[in-house]
Amino acid sequence: QVQFVESGGGLVQPGGSLRLSCEASRSIFSIYGIGWYRQAPGKQRELVAGITSLGRTNYADSVMGRFTISRDNAKKTVYLQMNSLKPEDTAVYYCNYASDSRRADWGQGTQVTVSS
């Protein structure tokens, strides 16, 4: 039973940056695609960025060019570098398998608040 633990969120001004981390409990995570998701108040949870076991990445249009997802399999960790943050990026950010056919239990995520 794999667990994902998110960290790195916080309060940042518009235009600022944050780096989120997602650490998995088992090294087997390296063979699966992993995604960062977010859910803002009153909105549906959405996939923000995904990374395959081979390192290929994809992004939601809303964050393209501003966010970068990466992974370090030796550390069992996936990162989300967020630059040029906007108020609309405010949400709780979660990490999980990228495929809905394989899901760990959703945790509490990490809160990102972008406000001046």
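For the structure, see preceding data.
Quick summary incoming for the structure in this document. Source: prediction; values computed, not measured.

Here we take up the pairing of strand S8 (residues 77-82). Taken across its six residues, S8 has five buried, putting it largely inside the fold. As paired strands, strand S3 (residues 18-24) and S8 are joined by six bridges and run antiparallel to one another. Across the sheet, Leu 18 pairs through a bridge with Met 82, a residue of S8. Where strand S7 (residues 67-72) and S8 come together, six bridges link them in antiparallel fashion.

Here we come to the sheet that holds S3. On the basis of which strands lie adjacent, the open sheet formed by four strands has the order S1-S3-S8-S7 and antiparallel pairing. Here the strands that pair on one side only, and so sit at the sheet edges, are strand S1 (4-7) and S7. Neighbour to neighbour, the strand axes of the sheet diverge by 15° on average, direction disregarded. The pairing of S1 with S3 spans four bridges and is antiparallel.

This next bit is on the environment of Ser 25. Within the secondary structure, Ser 25 sits in the loop between S3 and strand S4 (34-39). Put simply, Ser 25 and Leu 11 are 14 residues apart on the chain and 27 Å apart in space, counted from C-alpha to C-alpha. Setting aside anything within four residues of it in sequence, one finds Ser 25 in contact with Gln 1, Val 2, Gln 3 and Lys 76. At a separation of 2.9 Å, a polar atom in the side chain of Ser 25 contacts the main-chain amide nitrogen of Gln 3.

Calculation rules
Residues numbered from 1 in each chain as written. Predicted model: local features only at pLDDT ≥ 70, side-chain atom pairs only at ≥ 80, totals over all residues. Heavy atoms only, no water. Buried < 20%, exposed > 50% of the residue type's maximum accessible area, 1.4 Å probe, protein only. Helix = DSSP H or I, 4+ residues; strand = E, 2+ residues; numbered from the N terminus. Pairing = 2+ DSSP bridges. Axes fitted to C-alpha atoms, helices over the stretch in contact; angles between N-to-C directions. Contact = heavy atoms within 4.5 Å. Polar contact = N/O pair within 3.5 Å; in protein donor to acceptor, adjacent residues only side chain to side chain.

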